[in-house]
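Per-entry structural report
Listed below are the residues making up each chain.
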Number of protein chains: 4
Amino acid sequence: MNTEFKNVVLIGLYSDPRVAEPMRLVAGHLAKNGVRVLAEPEVAAELGVAAIDPGALTNETDLIVAVGGDGTMLHAASLAGDIDIPLVGVNRGRLGFLTDVSPIDMLASFDEILSGNFTRESRLRLRATLSQADGTKKSALALNDIVLQRRDTGRMLDFETRIAGQYVNTHMGDGLIVATPTGSTAYALACGGPIIDPRLDALVVIPICPHTLSDRPLVIPAGQPIEVTLLQRDNTSAEVSIDGHSLAEFRPDDRLLIAESSRRITLIHPPGYDYYEILRSKLNWGRDSRTQRQQSDI
Amino acid sequence: MNTEFKNVVLIGLYSDPRVAEPMRLVAGHLAKNGVRVLAEPEVAAELGVAAIDPGALTNETDLIVAVGGDGTMLHAASLAGDIDIPLVGVNRGRLGFLTDVSPIDMLASFDEILSGNFTRESRLRLRATLSQADGTKKSALALNDIVLQRRDTGRMLDFETRIAGQYVNTHMGDGLIVATPTGSTAYALACGGPIIDPRLDALVVIPICPHTLSDRPLVIPAGQPIEVTLLQRDNTSAEVSIDGHSLAEFRPDDRLLIAESSRRITLIHPPGYDYYEILRSKLNWGRDSRTQRQQSDI
Amino acid sequence: MNTEFKNVVLIGLYSDPRVAEPMRLVAGHLAKNGVRVLAEPEVAAELGVAAIDPGALTNETDLIVAVGGDGTMLHAASLAGDIDIPLVGVNRGRLGFLTDVSPIDMLASFDEILSGNFTRESRLRLRATLSQADGTKKSALALNDIVLQRRDTGRMLDFETRIAGQYVNTHMGDGLIVATPTGSTAYALACGGPIIDPRLDALVVIPICPHTLSDRPLVIPAGQPIEVTLLQRDNTSAEVSIDGHSLAEFRPDDRLLIAESSRRITLIHPPGYDYYEILRSKLNWGRDSRTQRQQSDI
Amino acid sequence: MNTEFKNVVLIGLYSDPRVAEPMRLVAGHLAKNGVRVLAEPEVAAELGVAAIDPGALTNETDLIVAVGGDGTMLHAASLAGDIDIPLVGVNRGRLGFLTDVSPIDMLASFDEILSGNFTRESRLRLRATLSQADGTKKSALALNDIVLQRRDTGRMLDFETRIAGQYVNTHMGDGLIVATPTGSTAYALACGGPIIDPRLDALVVIPICPHTLSDRPLVIPAGQPIEVTLLQRDNTSAEVSIDGHSLAEFRPDDRLLIAESSRRITLIHPPGYDYYEILRSKLNWGRDSRTQRQQSDI
């Protein structure tokens, strides 16, 4: 088949049988259609496909197929790193926010995708750069969120935020989330943030359990860099994490800079992709049993 | 059968077929067991049972069986009025917070109840007394909640609360809910209130969409009477409602007093009643599709 | 003085002494600087300036100066109507979100503004169009928000939302707010919405006290039109209001369309305008007494 | 003076000058009135009073005077341990929830207290007992709250709650707070809990940033013991803390039991104590600048 996706890397937690089976089916189906399928060495041996180091992808990879949950998609995005390798996600039976291809009709979905019948959606990513007091810098790309959080129980963090160099607020509480629209339906939602349409070039800054009850989520243009510094308190210990993985400890003399990355990620959706339908499904909208009771109450 | 429930009043929205059928089945089953079944005249004719004016129940009624949703149960409680006639609720297929007898096994449930195998649960009620400027008084009993709410779009209400005679706060916003534990899972929950165990003799006072973000729900002993007065603003128009039904308009020179009533209501539950199971079912706890995705994420 | 603001309309609630005095001072100061000052007839007589019908402003008006609170600024924006007449707001002693010129240094601020030393900020507005079942249409521009709200106590509204023609959700609750970034710090904030930076071309759709607890605020690109329809329920009565003023009753066969307007409004700020400082001041950030207690706790 | 408070222990962070001065004044005033004043050895030397080991108080201590913030009062309560030694709190200039004696009129307040003119308020405490998999038990008393919280960034906790032996829910999120009424205005409030009147014998169970948005605070009778167990997840690491101080790590095979303690704490208030006034002051009720703007808006 004449497709732009000639080299496809398959990733997933193969040890999970709900993942292994769709991986085998997808691998076979893609190979049959003339696609070169690759996987990490151990999985490649199982699938009978070529082996590749997923930690060293180049732009020769045309597509990453992630099989699993949204966590697998975040992992796939991290593998893509600075390269905008398109991603498509197959869920294990339950729709994910990012894994919108259902195993039930996935082979038909891949036929559509291979024949060029798909939509491309560009999602913004954030770069976190932590400049530590000793001069070292740590940096990473986030598709969902960058989270600053205290590590010690029983101690609030004091920290200051600046946006585009301008002082915003001095916060007290458990920490701060800076989320992309993609991340707005993940941890950010549990912390009181709004849902942000992925087409909007915006970030949301959400204090976690803030001491001041009027310290509310703030939605800003994605192009506005955010700077966070920790105020000195004895024994303050905080951590910065990227899409749920620890980047580094965050100390009072460190500086955390969060800015929109020029490295976006492209998601590939088979025909019929509907963001609102995913929201309805994942958030149980309209399926609340309390709702249904009321609709026909006397 | 030797039961304490000799005279049973059946209520429900008979025009709804999902209600009519269980009503017929229950009526027949109770009659067969020697219970005297009564219903409002029109329904009585349909069911072939004795007619009674449901607006004039006396303590000769031993039990009210409400078939429908929680709204029907609230209506049943209002029919009981000052008399503590026990109530049992049959739902129409979906569990209610108050209608915990399922139509699937309701006949067996009634056998248990008639044979004395049931639990009795006493729920507190509130009395709202609105003293109007012209000297008239209006009063009603609430099983769920007493709600003060603005009627005009675009105008906040200013109102003052006192508890047991002591000044509490001057609120601005859309209004105020005073809910019983029973009502804590109804409108109060949508307005940010906590869930309150019905065994607790407590009330919750919840400002509706308050302008001041730190104006939060306050849980107090049920024995503490609450007084609300409206501050003068031009054209202020507010309304007091009891369990979702309007009591009266509320004007700046009026005084609303809310106090625990000595008239409680007894709910009858068949064996196996589990309050937490109802919470889990009605609030979709543990059935969130987002949850299930995450539990086995990589 | 050689200023672009040659014809200035002054508005404010002159009967309020805290408004009348700054109005007199501003009128005198502007006149002394060669500006032609206008006001509505009654106020014009008091101020000794030319009279104008504020309901019929043309683009000959170069600037509207609103003295009062944010409500006065919303009124000024409604007077500007389809014309983008720049607005500047003088507060009565307390900073407003929109009235950022303080009476204390207002004369100096006007000197800056007249000499061209100011910033111009363009704020988006929404157009609400209500198409009623009988064919009539009602339409209005909003700077803050368009609110759909029930009018009867004790009845939830059932309504459906569509964005850019796509079905989003069926909501149950007290209503819906569609707010601009400007409106995000007004009623929307009391209903759980996020703060939205006014530079972002976005709207926020906020269900009011929704029955389904996962029915959360949704931030979308401003260019996405929103359609709301009411589902049929007996006796449903709802109202649409624009910046706090009733537009019309909203009935089950009506259709409410909310779209970004091409008619934006320009705010004029004297030097030193700082959006974050206004947030800090209005939301008591960093001034919470609970905060200060904790900062030096043992 | 003939007072019941013959032996008074003074505690406070003496190194803080805002604490040292009122400590000196109180010590002198009490001694002058014939009270035997004690303090920990280092402070005793500074104050010229008798030394005592504050970690080994007996019921010979008639009163603890805590000078500082609410943290100092929590510390005082922990020093009282199993003994119900009355506590009185002097704040450092700003009212605390627990430290309601102001330094401005503290000497007069102590005169009132010594002459028997005071109110006694009994506050409930919780006992946390952590039974670890290896058989060890750790236990502590809490006046504010018992908090279970994850220690690793990026990992949700899965845990189960039971109340009085009955299964309640399986939660996912950052953890759980069980707070007393006293603790309801501390960390619990930042996590979305209600304010609970200290006269109510109730607890509140609050999930921290729960994944399921309908997993809401639950208020229960204080006599209902709560059991928490962690579900097995790889690398789960959680911690239990008591009034902000770590008790122990919490592992999947451990069991945390939280129950009302028979060891309550008595607070002593000088005349004029007003709980609602403290709420208004600490939560900035009625002092929101947004409120004041609106009250006189057009």
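Computed from a prediction, not measured in an experiment: that's the story for all the values here. For every chain, the first residue of the written sequence is number 1, and numbering continues from 1 onward in sequence order. Going through the entries in the order they are written, you letter the chains from A and number the ligands from 1. Residues qualify for local features only when their pLDDT is at least 70, as the model is predicted, and side-chain atom pairs are given and counted only at 80 or more; totals for whole chains, interfaces and linings, by contrast, use all residues. To obtain the side-chain values, all non-hydrogen atoms of the structure were used and water was disregarded.

**Considerations on the packing of aromatic side chains**
Inclusion rule: Whether two aromatic rings pair depends on their centres lying within 6.5 Å, for rings of Phe, Tyr and Trp, where Trp uses its six-membered ring; planes under 30 degrees apart make the pair stacked, over 60 edge-to-face, and the rest tilted. Two conditions define a charge sitting above a ring: the NZ of Lys or the CZ of Arg must be within 6 Å of the ring centre, and it must be within 35 degrees of the ring normal.
Inspection of every chain in the model, using the stated rule, returns eight aromatic pairs over all chains. Sitting over the face of the ring of Phe97 of chain D, Lys282 of chain D holds its NZ or CZ atom 5.6 Å from the ring centroid.

**Re the interface of chain C and chain A**
As a reminder of what qualifies: Here a residue-residue contact requires only that any non-hydrogen atoms of the pair lie within 4.5 Å. As used here, buried area is the combined drop in accessible area, with a 1.4 Å probe, of two parts when they are placed together. By convention in these notes, a salt bridge is any Lys or Arg side-chain nitrogen within 4 Å of a carboxyl oxygen on Asp or Glu. Polar contacts, as used here, are pairs of N or O atoms within 3.5 Å; protein pairs need one atom able to donate a hydrogen and one able to accept it. Residues neighboring in sequence count only if both atoms are side-chain atoms. Only runs of H or I of at least four residues qualify as helices and only runs of E of at least two qualify as strands under DSSP, and these elements are numbered from the N terminus. Ten residue types, Ala, Val, Leu, Ile, Met, Phe, Trp, Tyr, Cys and Pro, are classed as nonpolar, four, Asp, Glu, Lys and Arg, as charged, and the remainder, Gly among them, as polar. Strands pair, by our definition, only if DSSP identifies at least two bridges between them.
On the chain A side, the residues contacting the 46 residues of chain C number 46 residues. Between chain C and chain A, roughly 4,000 Å² of surface is buried when both sides are summed, and carbon and sulfur atoms account for 54% of that area. On the chain C side of the contact with chain A, Arg216, Tyr276 and Trp285 of chain C bury the most area, a combined 16% of that side's loss. Linking chain C with chain A are zero salt bridges. The interface formed by chain C and chain A holds 24 residue pairs in polar contact (both at pLDDT 80 or more) in total. Within the residue set of the side of chain C that touches chain A, elements represented by two or more residues are strand S10 (157-163), strand S11 (166-173), strand S13 (195-196), strand S15 (218-221), helix H6 (275-282) and helix H7 (289-295) of chain C. Looking at the side of chain C that touches chain A residue by residue, the class counts come to 21 nonpolar, 13 polar and 12 charged. Strand direction decides the pairing type here: strand S13 (residues 195-196) of chain A and S15 of chain C, joined by two bridges, are parallel. Note that in S15 of chain C the partner of Ile196 of chain A across the bridge is Val219 of chain C.

**Things to note about the relation of the copies chain C and chain A**
The line we're drawing: Alignment of copies: least-squares fit on C-alpha atoms of residues with pLDDT of at least 70 in both copies.
The transformation that overlays chain C on chain A combines an axial shift of 0.0 Å with a rotation of 180 degrees, and the residual RMSD is 0.0 Å. Such a turn and shift between the copies fits a two-fold axis. When C-alpha distances to the rotation axis are compared across chain C, the minimum falls at Pro194 of chain C, with a value of 3.3 Å. Taken as a fraction of all interface residues of chain C, those also at the interface in chain A reach 100%, which identifies the copy contact as same-surface.

**Some remarks on the domain arrangement of chain A**
Residues and elements named next belong to chain A. We count it as follows: What counts as a domain boundary in this text is fixed by an automatic or database domain assignment.
By the assigned domains, chain A splits into domain 1 (7-123 + 264-289) and domain 2 (126-260). Relative placement of domain 1 and domain 2: their C-alpha centres are 29 Å apart. With 14 residues of domain 1 at the contact, the number on the domain 2 side is 15 residues. Roughly 1,200 Å² of surface becomes buried between domain 1 and domain 2 when both sides are summed, with 62% attributable to carbon and sulfur atoms. Summed over the three residues of domain 1 that lose the most area to domain 2, namely Leu74, Arg123 and Tyr275, the buried surface amounts to 41% of that side. At the junction of domain 1 with domain 2, the criterion picks out three salt bridges. In this structure, Glu260 engages Arg264 in a salt bridge whose closest nitrogen and oxygen atoms are separated by 3.8 Å. Inspection of the domain 1/domain 2 interface yields four residue pairs in polar contact (both at pLDDT 80 or more). If you list the elements that add at least two residues to the side of domain 1 that touches domain 2, you get helix H3 (70-80), strand S6 (119-123) and helix H6 (275-282). The element best represented in the side of domain 1 that touches domain 2 is H6, accounting for three residues.

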